[in-house]
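Examining the three-dimensional arrangement
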Protein chains: 2
Amino acid sequence: MAVSKKQKILDTALVLFVEQGIHSTSTASIAKASGVANGTLFHHFPSKEDLVISLYQNLKQDFARQVAPQGIASEDLKQQAKSAWDKALDWTIANPLRQQFCLQAVHYQPLTCQLQAKVLEEEFGYLRKLIEYGQQQKLIANYPLDLMLDNCHGQFLTSSSFFINHPELAENPEYREAAFEIFWRALKA
Amino acid sequence: MAVSKKQKILDTALVLFVEQGIHSTSTASIAKASGVANGTLFHHFPSKEDLVISLYQNLKQDFARQVAPQGIASEDLKQQAKSAWDKALDWTIANPLRQQFCLQAVHYQPLTCQLQAKVLEEEFGYLRKLIEYGQQQKLIANYPLDLMLDNCHGQFLTSSSFFINHPELAENPEYREAAFEIFWRALKA
DNA sequence: GTCTATAGTGCGATAGAC
DNA sequence: GTCTATCGCACTATAGAC
């Protein structure tokens, strides 16, 4: 089989969750659209919650793997930030469904805050180090770290949503440059 | 009666929706917690969807009413932005449940994009004028307007969530100032 | 692992008396 | 406007054959 039925279920669930919302999508409809039986779904995922959480973790791991940078070099902090920003933005633009699912999943109650915090640290732990280093070097403004981290995350999600909602602008250099410049101006010393 | 049963239902629904999520909260539990009969709820709100949408519109109207500024004066654009920013932030900090509900409601499918866009324009139409004016006066950076508007909205939601999650910092001048300064640095020329 | 069939539950919404 | 009572449905999850 080209892809396993388990993977087929995950792929289909992603599409349906984004189209209809997580709660409005029944396990029965996922099974049907996946071309598998109802029982098969529950063989692979003990419950609907498990399915949602598996999907979430898969996506976030994939994001972290593709985007993870190699550590901080001493020169040209802005260029390093730009490189990470672009890689992350490219991932979300190439995977709009995944990004939109994550935005929804954040409000899915069984996905505990604890798990979300863990995932966030994997995704943005690099950013924390970059800002701390930049503040030491007086290259980044000296505002409270937790506030800046939240702000970075928020600005990234906003830009990401913007380009997903306006795909025709995603390759427009004016917009791409502007999005990063706005972001960077908020941070720099 | 001090407050109408209709209002009591709205108040109770707000609490339960934020605690448990919109989908996980049954109309029956709202009615019970409100001290009204099941049928009464459906007398005032023809469906659960209507209840959610009414709640959303009520809150947004209240926000717009409380925060709406008086138009743009020619001097001291930054001070005007700060004043609007503070009023808006004060509202969300004073109404954390309302803010948290709105963040969830955005992902509630029956709440159409069309309605959301209309509400957003009522809330942030002022901001559009302020940025356009600021760009003419070379006080605000000349990036694409739609991108800047989304960014402003995003940064505001991020800050608002931050202070709701850290109430002890909401009156801390260092954090309050920093949040606005980060925001403003992203915009200014 | 995959299927069919169905159990069991809780929900949104309605009918009709007061 | 408010209540009680209840209908009908869609859903998650299970049982058991293959």
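Figured I'd write up the structure that's included with this text. Note that the structure is a prediction, hence the values are computed from the model and not measured.

What about the environment of Ile-182 of chain B?
The topology assignment puts Ile-182 of chain B in helix H9 (residues 173-187). Under the relative-accessibility criterion, Ile-182 of chain B is labelled buried at 2%. Expressed as a C-alpha distance, the spacing of Ile-182 of chain B and Ser-24 of chain B, which sit 158 residues apart in the sequence, is 37 Å. Sequence-distant contacts of Ile-182 of chain B, defined by excluding residues within four places in its chain, comprise Tyr-143, Leu-147, Met-148, Asn-151 and Ala-186 of chain A together with Gln-155 of chain B.

Notes on the protein's contact with DNA strand C
The local shell around DNA strand C holds 16 residues, among which Ala-37, Thr-40 and His-44 of chain A together with Thr-27 and Lys-48 of chain B are the closest. By atom count, sugar and phosphate contribute 68% of the portion of DNA strand C lying within 4 Å of the protein. The contact in question runs from a phosphate oxygen of DNA strand C to an N or O atom on the backbone of Lys-48 of chain B, over 2.9 Å. Of all the secondary-structure elements, those providing two or more residues to the surface near DNA strand C are helix H3 (38-44) of chain A together with helix H2 (27-34) and helix H3 (38-44) of chain B. A breakdown of the residues in the surface near DNA strand C according to their chemical character gives 4 nonpolar, 10 polar and 2 charged.

Concerning the relation of the copies chain A and chain B
Rotating chain A by 180° about the axis while translating it 0.0 Å along that axis superimposes it on chain B, leaving an RMSD of 0.1 Å. The relationship between the two copies is best expressed as a two-fold rotation axis. The position closest to the rotation axis in chain A is occupied by the C-alpha of Ala-186 of chain A, lying 2.2 Å away. Of the interface residues in chain A, 100% have counterparts in chain B that sit at the interface too, so the contact is made through matching surfaces.

Overview of the protein's contact with DNA strand D
Close contacts around DNA strand D come from 16 residues, with Thr-27 and Lys-48 of chain A together with Ala-37, Thr-40 and His-44 of chain B the closest. Among the atoms of DNA strand D close to the protein, meaning within 4 Å, 69% are from sugar or phosphate groups. One of the backbone nitrogen or oxygen atoms of Thr-27 of chain A is found 2.6 Å away from a phosphate oxygen of DNA strand D. Between Lys-5 of chain B and DNA strand D, the recorded distance is 3.3 Å, taken from a side-chain N or O atom to a phosphate oxygen. When residues of the surface near DNA strand D are traced back to their parent elements, those giving at least two are helix H2 (27-34) and H3 of chain A together with H3 of chain B.

Comments concerning the environment of Lys-48 of chain B
Residues and elements named next belong to chain B. By the secondary structure assignment, Lys-48 is in helix H4 (residues 48-67). With 81 residues separating them along the chain, Lys-48 and Lys-129 place their C-alpha atoms 36 Å apart. With sequence-adjacent residues up to four places away left out, Lys-48 is seen in contact with Phe-17, Ile-22, His-23, Thr-25, Thr-27, Phe-42 and Tyr-108. At 3.2 Å, the side chain of Lys-48 and the backbone oxygen of Ile-22 are in polar contact.

Section: H2 of chain B
All names here are of chain B. What H2 keeps buried is the set Thr-27, Ile-30, Ala-31 and Ser-34. Buried residues in H2, looked at end-on, bunch into an arc of 95°, giving them a common side. Elements in contact with the buried residues of H2: helix H1 (5-20), H3 and H4. The positive-phi residue at the C-terminal boundary of H2 is Gly-35, with phi of around 75°.

Quick notes on the state of the cysteines
One pass over the full model with this rule turns up 0 disulfides over all chains. Cysteine Cys-102 of chain A remains unbridged, with the sulfur of Cys-113 of chain A as its closest cysteine sulfur at 16 Å.

Conventions we followed
- Residues numbered from 1 in each chain as written.
- Chains lettered and ligands numbered in written order.
- Predicted model: local features only at pLDDT ≥ 70, side-chain atom pairs only at ≥ 80, totals over all residues.
- Heavy atoms only, no water.
- Helix = DSSP H or I, 4+ residues; strand = E, 2+ residues; numbered from the N terminus.
- Buried < 20%, exposed > 50% of the residue type's maximum accessible area, 1.4 Å probe, protein only.
- Contact = heavy atoms within 4.5 Å.
- Near = heavy atom within 4 Å.
- Polar contact = N/O pair within 3.5 Å; in protein donor to acceptor, adjacent residues only side chain to side chain.
- Nonpolar A, V, L, I, M, F, W, Y, C, P; charged D, E, K, R; others polar.
- Least-squares fit on C-alpha atoms with pLDDT ≥ 70 in both.
- Arc of directions from axis to C-beta.
- Disulfide = S-S within 2.5 Å.

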